[in-house]
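Letter by letter, the chains look like this.
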Amino acid sequence: EGAEEPAALTDGIHLVVDALKLNGVENIYGVVGIPITDLARLAQASGIRYIGFRHESDAAHAAAAAGFLTQRPGICLTVSAPGFLNGLVGLANATTNCFPMVQISGSSERHIVDLQRGDYEEMDQLSAAKQFAKAAFRVSRAEDIGRGIARSIRTAISGRPGGVYLDIPAAVLGEIIDAEKGAASLWELVDPAPRQLPEPAAVDRAIDLLAGAERPLIVLGKGAAYARADESIREFVESTGIPYVPMSMAKGLLPDDHPQSAATSRSLALKRADVVMLVGARLNWLLGHGDAPQWNPNARFVQVDIAANEMDSNQPIAAPLVGDIGSVMDALVERSKPGRISAPAQWREEIAAKSEQNVARMAKRLQDAKTAHPMKFLGALQAVRDVLGDNPRAYVVNEGANALDLTRNTIGMKVPRHRLDSGTWGVMGIGMGYAIATAVETGEPVVAIEGDSAFGFSGMEIEVICRYNLPVVTVVLNNSGVYRGDEASPNGDPAPTYLRARHDLMIEAFGGKGYRATTPDEVAAALREALAAGVPALIDCVIDPADGTESGNISHLNPKGLTAKR
Ligand SMILES: Cc1ncc(Cc2csc(CCOP(=O)(O)OP(=O)(O)O)c2C)c(N)n1
């Protein structure tokens, strides 16, 4: 009789890839090395696109941006200890911004690490990750890999999204088990981010509050953009006539030139509103914690958030609406009979008049910047704005200080989820990772508008953009400084904020197209050409070193000690 066929075998690495594919993962962002290089190779051979970065922080930011754009967790893959640690900034930033991502990291041998005998890249990664992640898990047996991947993906995207850490020791990656048993250990998630409907009485309470308001206001946060509830949000805003303020990554949910936008009269809107509905926006530092004098001390808040414990985080919430934003907005539209809520004309006119006044006041500064030499931020940004106006499919990534504040206020968005920036944490270094993920996940052109210092945090990823030939145009607003570049230093060294670089030559080193622009016309011509070509490009915009302020719009957050610059 023929000898029995030996049972087919599998191992931890194969099970990770099978589990990711079973749950629809298409891209992995990472940096290879011991013990996960073969995992990346097998993923690539199995049809998952592996994007190899130069620093794990950028790969992790990319995974977070992928999560924001797709509502599926971006996957970041790191090596043990130092590689894992480098990824933590991205994991923490994802959790802070409520972007779904999973950082999968190899780790060293438990029996050596736990006795601190000094392993290769020894670290108790699970303990380190716990404080920065929405959740952190470790798989200790190959047969648990399917469970670990499923649990990590569901945890990352259900409820309030966030960053999840999954630790897989080298020994588990290399563990060999029976293939049939392995296949049986994998499972595909069912409805990993279920809708969470609001309580009808809570909806009616919110409607009554808004209907009785003299000066209602809606604040749209990035959670509203993430929720993809675009139609019901637009319908509710337009049917009630309530003015709205979009937070930076919510820009484009309604076009920024919408008649109900109070973005250019934000100070008045916050100070005067008597009922404020927060949709996927937290009353954190970006909204002055809801405190007077920025806000009306008698304002009453309606808050829409999937996290019940977000309510009363900063101010009493008179009408908490707990549920996923899509379900809540659908319920508000359904239960507020036509005309039940109608913003008083006087309030709408007051907002519109203030907006008109502020836009007129800004017009002269914009006009002067068009001809200023050396070029000002606003000269370059108006040129970028005009070219983007002809390229509505382009995504915008943005970071810096003045570069962030001035871009946010100069470049209006017309469609949702097309602006990604430093967000809640104000973290520098998101630029190239966000740009790469946006190009990979959408296939659309990306324009990354970068302060020169901000660009420096992830600039080496320009090589990645060139290696994968991604349609990313990086616009560096180069004022030769962290903030400004004109500070003199008392000794021979350059001042702490002084920088100097020809970034256009840098991309040439990696095979991309570099431009150096000293006027708005040169900026416009270079950007038009680069977008038409659809290849990696960088435009180094030479900006007046005296332009801008330290820390941009948040200079007041600097300590006011004896050494504070007056
Ligand atoms: C990870 C991290 N490290 C440092 C900082 C602190 C910071 C906030 S903004 C910024 C860069 C400002 O210079 P830039 O040239 O980009 O901008 P501009 O004013 O337009 O010239 C830094 C270093 C933050 N937020 N995150």
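Residues numbered from 1 in each chain as written. Predicted model: local features only at pLDDT ≥ 70, side-chain atom pairs only at ≥ 80, totals over all residues. Heavy atoms only, no water.

## A look at helix H14 (residues 325-335)
For H14, every residue scored as buried is listed here: Ile325, Gly326, Ser327, Val328, Met329, Ala331 and Leu332. Considering only its buried residues, H14 is in contact with helix H10 (200-211), helix H11 (222-226), helix H12 (230-240), strand E11 (275-279), strand E12 (300-305) and strand E13 (317-322). (Buried < 20%, exposed > 50% of the residue type's maximum accessible area, 1.4 Å probe, protein only. Helix = DSSP H or I, 4+ residues; strand = E, 2+ residues; numbered from the N terminus. Contact = heavy atoms within 4.5 Å.)

## Structural notes on the nonpolar core
Counting 124 residues, the largest nonpolar core has Tyr29, Ile233, Met277 and Leu332 as its most contacted members. Here this core gets nine residues from one element, more than from any other, and that element is helix H3 (residues 56-70). Residues in contact with Leu332, not counting those within four places in the same chain, are Val203, Ala206, Ile207, Phe236, Met277 and Leu321. If you look at the next biggest cluster of nonpolar residues, it comprises 34 residues, including Leu366, Ala369, Ala403 and Ile539. (Core = buried A, V, L, I, M, F, W, Y, C linked by side-chain atoms within 4.5 Å.)

## Regarding unusual backbone geometry
Of the consecutive residues Ile34 and Pro35, the connecting peptide bond is found in the cis state with omega at 5 degrees. Structurally, Pro35 can be placed in the loop between strand E2 (27-30) and helix H2 (37-45). A cis amide bond links His373 to the next residue, Pro374, at an omega of 0 degrees. With respect to the helices, strands and loops of the structure, Pro374 is situated in the loop between helix H15 (345-371) and helix H16 (377-389). For Gln71, which is not a glycine, the phi torsion comes out positive at approximately 65 degrees. For Gln116, which is not glycine, the phi torsion reads 50 degrees and is therefore positive. One can find Gln116 in the loop between helix H5 (110-113) and helix H6 (125-130). When its relative accessible area of 67% is taken as the criterion, Gln116 is described as exposed.

## Side note on the site of the ligand
Within the structure, the ligand sits among 16 residues, and Asn402, Ala403, Gly426, Asp452 and Tyr483 are positioned closest to it. Interatomic distance of 2.7 Å between a side-chain N/O atom of Asp452 and an oxygen atom of the ligand. Contact between the ligand and Ala454: an oxygen atom at 2.9 Å from a main-chain N or O atom of the residue. When the free accessible area of the ligand is taken as 590 Å², the share hidden by the protein chains comes to 76%. Counting residues per element, the ones that place at least two in the shell around the ligand are helix H17 (402-410) and helix H19 (452-458). (Near = heavy atom within 4 Å. Polar contact = N/O pair within 3.5 Å; in protein donor to acceptor, adjacent residues only side chain to side chain. Areas by Shrake-Rupley, 256 points an atom, 1.4 Å probe, with all protein chains shown as cover.)

## What about the packing of aromatic side chains?
According to the stated counting rule, one finds five aromatic pairs in the structure shown. A ring pair is formed by Tyr29 and Phe53, whose centres lie 6.1 Å apart and whose planes are at 65 degrees; its orientation type is edge-to-face. Pair noted here: Tyr29 is in strand E2 and Phe53 is in the loop between strand E3 (49-52) and H3, with a separation of 24 residues, a long-range link. Since its relative accessible area comes to 6%, Phe53 is described here as buried. For the pair Phe84 and Tyr165, a centre-to-centre distance of 5.0 Å together with 55 degrees between the ring planes defines the contact as tilted. Of this pair, Phe84 sits in helix H4 (residues 82-97) while Tyr165 sits in strand E7 (residues 163-169), and the two are 81 residues apart along the sequence. Connected via pairs of aromatic rings, a cluster forms that spans Phe68, Phe99 and Tyr226. Positioned above the aromatic ring of Tyr515 is the side chain of Lys513, whose terminal nitrogen or guanidinium carbon lies 4.9 Å from the ring centre. (Phe/Tyr/Trp six-rings, centres within 6.5 Å; stacked < 30°, edge-to-face > 60°. Lys NZ or Arg CZ within 6 Å of the ring centre and 35° of its normal.)

## A look at the sheet that holds E7
Reading across the sheet, the six strands line up as E3-E2-E4-E5-E7-E6 and stay open at both edges, with parallel pairing between neighbours. Across the chains shown, the open sheet's two edge strands, defined by having one partner strand only, are E3 and strand E6 (135-138). On average, adjacent strands in this sheet sit at an angle of 20 degrees to one another, irrespective of strand direction. Where strand E5 (residues 101-107) lies against E7, seven bridges are found, and the strand directions are parallel. Across the sheet, the residue bridging to Ile104 is Leu166, located in E7. Strands in contact with H3 are E2, strand E4 (74-78) and E5; relative to E4, the strand with the most contacts, it is inclined by about 165 degrees. (Pairing = 2+ DSSP bridges. Axes fitted to C-alpha atoms, helices over the stretch in contact; angles between N-to-C directions.)

## Observations regarding the pattern of salt bridges
Between side chains of opposite charge, pairing is possible as soon as their charged atoms come close. The tally for this structure, following the rule as stated, stands at 31 salt bridges. Its salt-bridge partner being Arg195, residue Asp330 comes within 3.4 Å of it at the nearest N-O pair. Pair noted here: Asp330 is in helix H14 and Arg195 is in the loop between helix H9 (179-184) and H10, with a separation of 135 residues, a long-range link. Residue Asp330 is classed as partly exposed on the basis of its relative accessible area of 30%. Judged by its relative accessible area of 51%, Arg195 falls in the exposed class. (Salt bridge = Lys/Arg side-chain N within 4 Å of Asp/Glu carboxyl O.)

Purely geometric stuff here, so don't read any function into it on its own.
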